[in-house]
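Structural overview for review
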Protein chains: 2
Amino acid sequence: MKAGPSPEEIRRHNLGTLLRFVHLRGPSSRALLAEAMGLNRSTIMALTSDLTAAGLVREELPRGPGRRAGRPSLVVRPESTRVYVLAFDLGVDRLAVARVGLGGTILDRREAGRTRGEFDAAETVAALAGAARALMRKAGRDAVCVGSAMAFPGTVRRSDDVIRFAPNLDMRKAERGPAAEGAAGRSLEEGVALGDALSRRLGLGLPVAVCNDANLGALAEHERGIGIGCDDLIYLHGDVGFGGGIVVGGRLLGGADGYGGEIGHMVVNPGGRLCGCGSRGCLEAEVGERTLLALSGRTESSDLLGRDAIRAVVDAADRGDVQARDALHRVGDWLGRGVANLVNIFNPGMVVFGGTLRDIYLGSAAQVRSALATNALNAPRENLKLRTAELGDDATLVGAAEFAFADVLADPVEVLARLRSPEETPV
Amino acid sequence: MKAGPSPEEIRRHNLGTLLRFVHLRGPSSRALLAEAMGLNRSTIMALTSDLTAAGLVREELPRGPGRRAGRPSLVVRPESTRVYVLAFDLGVDRLAVARVGLGGTILDRREAGRTRGEFDAAETVAALAGAARALMRKAGRDAVCVGSAMAFPGTVRRSDDVIRFAPNLDMRKAERGPAAEGAAGRSLEEGVALGDALSRRLGLGLPVAVCNDANLGALAEHERGIGIGCDDLIYLHGDVGFGGGIVVGGRLLGGADGYGGEIGHMVVNPGGRLCGCGSRGCLEAEVGERTLLALSGRTESSDLLGRDAIRAVVDAADRGDVQARDALHRVGDWLGRGVANLVNIFNPGMVVFGGTLRDIYLGSAAQVRSALATNALNAPRENLKLRTAELGDDATLVGAAEFAFADVLADPVEVLARLRSPEETPV
């Protein structure tokens, strides 16, 4: 029950709000900023001047055919190439690292396939750090890294970013890993601190936040994808597993300890298929990649895995393959039942299907809608939108970048002053 | 993306924060308020002086053995008897109306049993209005009603408080009701505006907000019950049906249109018992009163209904009645499976069992815990608390009162000035 903010807190809030605006909406005129924020133009000028001095934005005359007669309103543009974050995506089948500039531009990226099977934390950290260093070498000398975050396919404790559960990575090696690797070599019971290990390897003096991949996908689709403007949104993410990210009243649902959103482990079919979590009939077990491939007669020993394997099933169903079609219908029915439960519980404005669930949904939309019609109440269903992720496979990576920007957007000038050592401060 | 608040907005925020503090925590010294709000004592003095002038609080010397030497800090006390709300609870088996003073004291109440079966909106509105008027006649001449809200066992649209779905009230009469009753006589397809009808009958010039009963129960347990201090809480409410209210990050989950929290219609047993919503195997169908009574060999034609009937089953099970015990175990197993899904999805700090679910949970806690151990992930389960509602049968009524106080707590002085006509303004 805190009192209202002090003038200094308001100034920081306004600096952050202005920076967030141009970060998310792109270059904006002072006039637009004044209108959007409900401030007069002289206050906007003072704020942009502070942000310019900190090297976060620059102001310039408007370009192109939009110019009109009279004194033009200067356009405020984020310093995309000079202020950036590092975003990491640790997928079951892929590692990705990107340097993402203020404003959300992916400036540069590296990607590598990952072989399924045993997860070696030390090796993964080394690979990610190596890729990140290569990206940073290509950044300009005056560029500054303002944050870093990683999308991870498992549950992560909020208080210390420790990994608690990752049924689709075989983490035995992480558990017994070499002591020399420090925090990355601890057992899952203690929790694996992948972010700490990566942060030490990078040596930037910055923490690497670790977040559940589907949570970050939800954040990305909410801020930069199909869910812009929708404050009650559920993002369902298929990789090998089935993750979820939930936005409630414009904020990501984390729960008491940060484990919220494990929609894939909602039991929809009691006594159903065995799930990696040890339970039976979880949404992940009934809708996941393994089940779809098994039902459609494709075994995991086939050449195709992940996205490609699922696309092959959808394509086969389109071409009239009865077993593939039946498999998709069966999986789509369980998916729809799961979504119906979520609609009753959350009354979301939108449900977004991302990762491999995008393809599964597109191949079984009729079954999903039919299960919804049967199992969801009329009232929460009538304004519901079902959509596919707009950011595609980059949703989790983009979400990691947005998460990494959070600190600098909350208190831009202070955070930047802390990061830049005196000799690097722009003159 | 609004700018920070203006000085006037901050003043209103601070007035509201101070009033909310004494409303929820009781009479507080200026010193405590200064510390809790992070303001200096002269600012606290200015705020309390405004609230005193508006007739919302009074200041007095501390009483009793707490007095110490030196100049004592004045105690700020809410004007409980002069500032009140009307709270209504429309249960399936009961109507309750209370006059609740600022600070949360139930000053006076009326209660009446309700016969199950056809719901007559006009008759119900008349009964509630009559009881409310009787309560108001007993209020002091200088007392002012600052808000009004009703707990309702069904889904209510947020934008206009219209009732959309109430499977446990037989609303045929409400649907075809007499046109003379206006909004209360419309069909459920158009929505029944019970709050409008009651507001007109009361003639106070105040709207009567209508909210889902379990949502209000969650609010009450969060602010005044077992869930104080727990910002991620799920409240499960048993009446004839099975309702839910969810607090996420300290705020009630409403969803896109206000229908959020319909946990009772999560399907836990596909193809299971038919539910009032038309679906099969909903939590409400597997755990509700009707099922427990049927499984335990008690038919609905028995003399006992509702809370009494459920207590009779729990008592019989305690005394060794095998059928009653088996019925409770079966129902408890489904309840536990439902809770496990919620734990995976929300990672709540606490799950609270209220209404008749309090008794059902107490009679089947072992089954609930066992289903949780099997179906919930370890991580979100390890800090989870399972608790029974502290406010008992009054949770929904207390929640309605809290909801009714929301406006005056958001902007105390303005709202009160609007409500008091000039001649009633305290001198």
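Thresholds applied
- Residues numbered from 1 in each chain as written.
- Chains lettered and ligands numbered in written order.
- Predicted model: local features only at pLDDT ≥ 70, side-chain atom pairs only at ≥ 80, totals over all residues.
- Helix = DSSP H or I, 4+ residues; strand = E, 2+ residues; numbered from the N terminus.
- Rg over C-alpha atoms; globule rule 2.2 N^0.38 Å.
- Buried ≥ 20, exposed ≤ 12 C-beta atoms within 10 Å, placed from the backbone.
- Contact = placed C-beta atoms within 7 Å.
- Core = buried A, V, L, I, M, F, W, Y, C linked by C-beta atoms within 7 Å.
- Least-squares fit on C-alpha atoms with pLDDT ≥ 70 in both.
- Nonpolar A, V, L, I, M, F, W, Y, C, P; charged D, E, K, R; others polar.
- Domains from an automatic or database assignment.
- Pairing = 2+ DSSP bridges.
- Axes fitted to C-alpha atoms, helices over the stretch in contact; angles between N-to-C directions.
- Parallel < 35°, antiparallel > 145°, perpendicular 65-115°, else oblique.
- pLDDT = per-residue confidence, 0-100.
- Expected span 1.5 Å × (residues − 1).

The secondary structure content of chain A amounts to 15 helices and 15 strands. For chain A, the C-alpha radius of gyration of 23 Å lies close to 22 Å, the compact-globule estimate for 427 residues. With the C-alpha coordinates aligned to their principal axes, the bounding extent of chain A is approximately 65 × 55 × 50 Å. By residue count, 52% of the 427 residues in chain A fall in the buried class. Intrachain contacts of chain A at a sequence separation of at least 6 include 65% that bridge at least 24 residues.

Counting 251 residues, the largest nonpolar core has Ala87(A), Ala400(A), Ala87(B) and Ala400(B) as its most contacted members. If we ignore the near neighbours within four places in the chain, the residues touching Ala400(B) are Ala87(B), Phe88(B), Asp89(B), Ala149(B), Met150(B), Ala151(B) and Leu216(B).

With an axial shift of 0.0 Å and an RMSD of 0.0 Å, the rotation relating chain A to chain B amounts to 180°. Given the turn and translation reported, the copies of this chain are related as if by a two-fold rotation axis. By C-alpha distance to the rotation axis, the residue of chain A lying nearest is Val268(A), at 3.2 Å. Taken together, the interface assignments show that 100% of the residues at the interface of chain A recur at the interface of chain B, consistent with an identical surface on both copies.

This paragraph deals with the interface of chain A and chain B. Between chain A and chain B, the contact holds 52 residues from the first and 53 residues from the second. Looking at the side of chain A that touches chain B, the elements with two or more residues in it are α1 (7-25), α2 (30-37), β9 (163-165), α11 (322-346), α12 (356-375) and α13 (378-381) of chain A. When residues in the side of chain A that touches chain B are grouped by element, the largest group, six residues, is from α1(A). Grouping the constituent residues of the side of chain A that touches chain B by class yields 24 nonpolar, 20 polar and eight charged.

For an interface, size is often stated in terms of accessible area lost upon the parts coming together. Residues and elements named next belong to chain A. Per the domain assignment, the segments making up chain A are domain 1 (7-63 + 73-78), domain 2 (83-214 + 396-424) and domain 3 (228-390). Contacts between domain 1 and domain 2 engage 14 residues on the former and 11 residues on the latter. For the side of domain 1 that touches domain 2, the secondary structure elements donating two or more residues are α1 and α3 (41-53). Looking at the side of domain 1 that touches domain 2, its residues break down into seven nonpolar, four polar and three charged.

All names here are of chain A. Among all positions of helix α6 (residues 194-202), only Leu 194, Gly 195, Ala 197, Leu 198, Ser 199 and Leu 202 are buried. In this fold, the buried residues of α6 make contact with α4 (121-137), β7 (144-152), β9 and β10 (209-212). Backbone geometry just downstream of α6 places Gly 203 in the positive-phi region, at approximately 60°.

A few words now on the environment of Asp239(A). Residue and element names in this part refer to chain A. With respect to the helices, strands and loops of the structure, Asp 239 is situated in the loop between β11 (233-238) and β12 (242-248). Taking the C-alpha atoms as reference points, Asp 239 and Val 398, 159 residues apart in sequence, are found 16 Å from one another. If sequence neighbours within four positions are ignored, Asp 239 has contacts with Gly 91, Val 92, Pro 153, Asn 168, Gly 355 and Thr 356.

Further remarks concern the sheet that holds strand β1 (residues 28-29) of chain A. Residue and element names in this part refer to chain A. Strand order in this open sheet of three strands is β1-β3-β2, and the pairing throughout is antiparallel. The open sheet terminates on both sides in strands that have one partner only, identified here as β1 and β2 (57-60). Bridge count between β1 and strand β3 (residues 75-78): two bridges; the pairing is antiparallel. From the neighbouring strand, Ser 28 faces β3, where its bridge partner is Val 76. Contacting β2 and β3, α3 crosses the sheet at an angle of about 120° to β2.

A separate point is unusual backbone geometry. Backbone phi values are negative for most residues with the exception of glycine, while trans is the configuration of most peptide bonds. At Asp161(A), a position not held by glycine, the phi torsion is positive, near 60°. In this fold, Asp161(A) is placed in the loop between β8 (155-156) and β9.

Residue and element names in this part refer to chain B. Running from N to C, helix α1 (residues 7-25) and helix α3 (residues 41-53) cross one another at 80°; their axes reach a closest spacing of 10 Å. With respect to each other, α1 and α3 are oriented roughly perpendicular. Along its contact with α1, which presents Asn 14, Leu 15, Leu 18 and Leu 19, the element α3 presents Leu 47, Thr 48, Asp 50 and Leu 51. Its residues placed into classes, the contact of α1 with α3 shows five nonpolar, two polar and one charged.

All names here are of chain B. At their nearest, the axes of helix α7 (residues 213-224) and helix α15 (residues 395-410) sit 7 Å apart, and the two run at 80° to each other. Classified by the angle between their axes, α7 and α15 sit roughly perpendicular to one another. On the side of α7, the interface is formed by Asp 213, Leu 216, Gly 217, Leu 219, Ala 220, Glu 221, Glu 223 and Arg 224, while α15 contributes Ala 395, Thr 396, Val 398, Gly 399, Ala 400, Glu 402 and Phe 403. Taken together, the residues of the contact of α7 with α15 sort by class into seven nonpolar, three polar and five charged.

This part is about the confidence of the model for chain A. Residues and elements named next belong to chain A. When the pLDDT values of chain A are averaged, the result is 89; 91% of them are 70 or greater. No element of chain A has a lower mean pLDDT than helix α5 (residues 172-176), at 51, and none a higher one than strand β15 (residues 385-388), at 98. Across residues 175-187, confidence stays below pLDDT 50; counting only partners more than four residues off in sequence or on other chains, it has 29 contacts. In this model, residues 422-427 is a region of pLDDT below 50 whose contacts with residues beyond four sequence positions or in other chains number three contacts. Across the assembled chains, the prediction reports ipTM 0.92 with pTM 0.92.

Residue and element names in this part refer to chain B. Burial runs high along strand β4 (residues 83-90): eight of the eight residues are buried. The alternating pattern of β4 places Val 83, Val 85, Ala 87 and Asp 89 on one face and Tyr 84, Leu 86, Phe 88 and Leu 90 on the opposite face, and all of these are buried. As judged from the six bridges shared by β4 and strand β7 (residues 144-152), these two strands associate in the parallel manner. Residue pairing across strands places Asp 89 opposite Ala 151, the latter belonging to β7.

Moving on: the environment of Pro78(A). Residue and element names in this part refer to chain A. Among the structural elements, Pro 78 can be located in strand β3. The buried category is assigned to Pro 78, around which 24 C-beta atoms lie within 10 Å. Separated by 308 residues in sequence, Pro 78 and Leu 386 have C-alpha atoms that sit 33 Å apart. Aside from chain neighbours lying at most four places away, what touches Pro 78 is Val 22, His 23, Val 57, Leu 102 and Gly 103.

All names here are of chain A. An order of β13-β12-β11-β14-β15 is seen for the five strands of this open sheet, with the pairing classed as mixed. With one partner strand each, in any of the chains shown, β13 (251-252) and β15 form the two edges of the open sheet. Across four bridges, the pairing between strand β14 (residues 350-355) and β15 is parallel. Bridge pairing links Met 350 to Lys 385 in β15. Helix-sheet contacts for α12 involve β11, β14 and β15, and the interaxial angle to β14 is about 115°.

Take α3(A) next. Helical geometry: 3.6 residues make up each α-helical turn, so side chains three or four residues apart lie on a common side. Residue and element names in this part refer to chain A. An ideal rise of 1.5 Å per residue puts 18 Å on 13 residues; α3 measures up with 18 Å between its terminal C-alpha atoms. Contacts from the buried residues of α3 go to α1, α2, β2, β3 and α15 (412-419). Where α3 terminates, the next one or two residues include Gly 55, which has phi positive at roughly 80°.

For the rest of this paragraph, the subject is the environment of Asp318(B). All names here are of chain B. As for its position among the elements, Asp 318 is in helix α10 (residues 306-318). Residue Asp 318 is classed as exposed on the basis of its 12 C-beta neighbours within 10 Å. Taking C-alpha positions, Asp 318 is 8.2 Å from Gly 363, a pair spaced 45 residues apart along the chain.

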